[in-house]
Amino acid sequence: EAGVTQSPTHLIKTRGQQVTLRCSPISGHTSVYWYQQALGLGLQFLLWYDEGEERNRGNFPPRFSGRQFPNYSSELNVNALELEDSALYLCASSRQGSYEQYFGPGTRLTVT
Amino acid sequence: GDSVTQMEGPVTLSEEAFLTINCTYTATGYPSLFWYVQYPGEGLQLLLKATKADDKGSNKGFEATYRKETTSFHLEKGSVQVSDSAVYFCALSDRSSNTGKLIFGQGTTLQVKP
């Protein structure tokens with residue numbers, strides 16, 4: 001069974017630009033979660049999508065947004081990039097109603 | 001709010017030594033508890049889980065028991081290998097609040113020397 005996949009692997013952007021990160025969940029999983037792992041700040045919950053709807057979001061500004069598509073894949077969009085957005089962005093998926101989350105390899109975003 | 005506290009690292013052990021990484025939690029509801037492992041340059045892998053008090057999760061020689069009375073979920077392994085060198089995260093998911101999010105500890109770096 002294929003795991004969670006994320007693209008791209010690495011990304012370098014300039015402050016003020018916009019970025020889109022992509023995630024494909026494990027087959028059969030309907031929930032997708034996004035986390036930010038920034039140096040010194042640990043793992044922070046960003047967003048939860050299930051069945052195409054945003055179910056919960058963490059304590060992040062509105063310039064962090066996303067969506068889930070009918071095939072359950074997801075995008076995370078970050079507008080007006082700031083230096084402190086540099087981090088590893090991790091996507092996870094789970095079966096509906098399950099609390100077990102399975103993570104992808106992450107996208108490393110560097111903002112210069 | 002809910003929180004997870006792990007022992008500070010880094011933890012440095014010799015191969016075949018016994019490992020304990022302490023984890024305690026605070027939760028108002030009924031959490032499920034997890035250990036994840038992150039190898040250098042990779043994402044998180046689910047190592048083991050426990051969903052109710054006194055459950056023991058185990059995988060690849062690692063074990064952890066859900067202790068409600070001490071609000072703890074300590075990770076143990078009897079004999080570590082160099083390949084176990086990684087960062088270990090304790091996490092909880094509060095089933096009663098249904099927020100979807102995992103709350104993570106700060107992570108403990110384990111280095112195993114030959």
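Quick caveat: nothing in here was measured; it's all calculated off a predicted structure.

Before going further, it helps to examine the packing of aromatic side chains. Summed over the entire model, instances satisfying the criterion amount to 12 aromatic pairs over all chains. Relative to Tyr 66 of chain B, the ring of Tyr 25 of chain B lies with its centre 6.0 Å away and its plane at 80 degrees, an arrangement referred to as edge-to-face. Taken together, the residues span a long stretch of sequence, with Tyr 25 of chain B in strand β4 (residues 23-26) and Tyr 66 of chain B in the loop between β8 (62-65) and β9 (75-77) at a distance of 41 residues. Each member of the pair Tyr 25 of chain B and Tyr 66 of chain B is classed as buried. By way of ring pairs, the aromatic residues Tyr 35, Phe 45 and Phe 103 of chain A together with Phe 34, Tyr 36, Phe 89 and Phe 104 of chain B are connected into one cluster.

In this assembly, 18 residues from chain B lie in contact with 16 residues from chain A. Counting each side, the surface lost to burial between chain B and chain A is near 1,500 Å², with a carbon and sulfur contribution of 60%. Three residues stand out in chain B for area buried against chain A, namely Leu 44, Gly 100 and Phe 104 of chain B, and they jointly supply 26% of the buried area on that side. The tally of links from chain B across to chain A stands at 1 salt bridge. The partner of Glu 100 of chain A in a salt bridge is Lys 49 of chain B, with the nearest N and O atoms 2.0 Å apart. When residues of the side of chain B that touches chain A are assigned to their parent elements, the largest contribution, 4 residues, is made by strand β5 (residues 31-38) of chain B.

What follows is about the sheet that holds β9 of chain B. Residue and element names in this part refer to chain B. Taking strand neighbours across the sheet as the criterion, the 4 strands line up as β3-β9-β8-β7 in an open arrangement whose pairing is antiparallel. Both outer strands of the open sheet, β3 (19-21) and β7 (56-59), are each paired with one neighbouring strand and no more. Sheet twist, expressed as the mean angle between neighbouring strand axes with direction ignored, is 15 degrees. The pairing of β7 with β8 spans 4 bridges and is antiparallel. From the neighbouring strand, Lys 56 faces β8, where its bridge partner is Thr 65.

Reading the values: rules and limits
- Residues numbered from 1 in each chain as written.
- Chains lettered and ligands numbered in written order.
- Predicted model: local features only at pLDDT ≥ 70, side-chain atom pairs only at ≥ 80, totals over all residues.
- Heavy atoms only, no water.
- Phe/Tyr/Trp six-rings, centres within 6.5 Å; stacked < 30°, edge-to-face > 60°.
- Helix = DSSP H or I, 4+ residues; strand = E, 2+ residues; numbered from the N terminus.
- Buried < 20%, exposed > 50% of the residue type's maximum accessible area, 1.4 Å probe, protein only.
- Contact = heavy atoms within 4.5 Å.
- Buried area = accessible area lost by both parts, 1.4 Å probe.
- Salt bridge = Lys/Arg side-chain N within 4 Å of Asp/Glu carboxyl O.
- Pairing = 2+ DSSP bridges.
- Axes fitted to C-alpha atoms, helices over the stretch in contact; angles between N-to-C directions.

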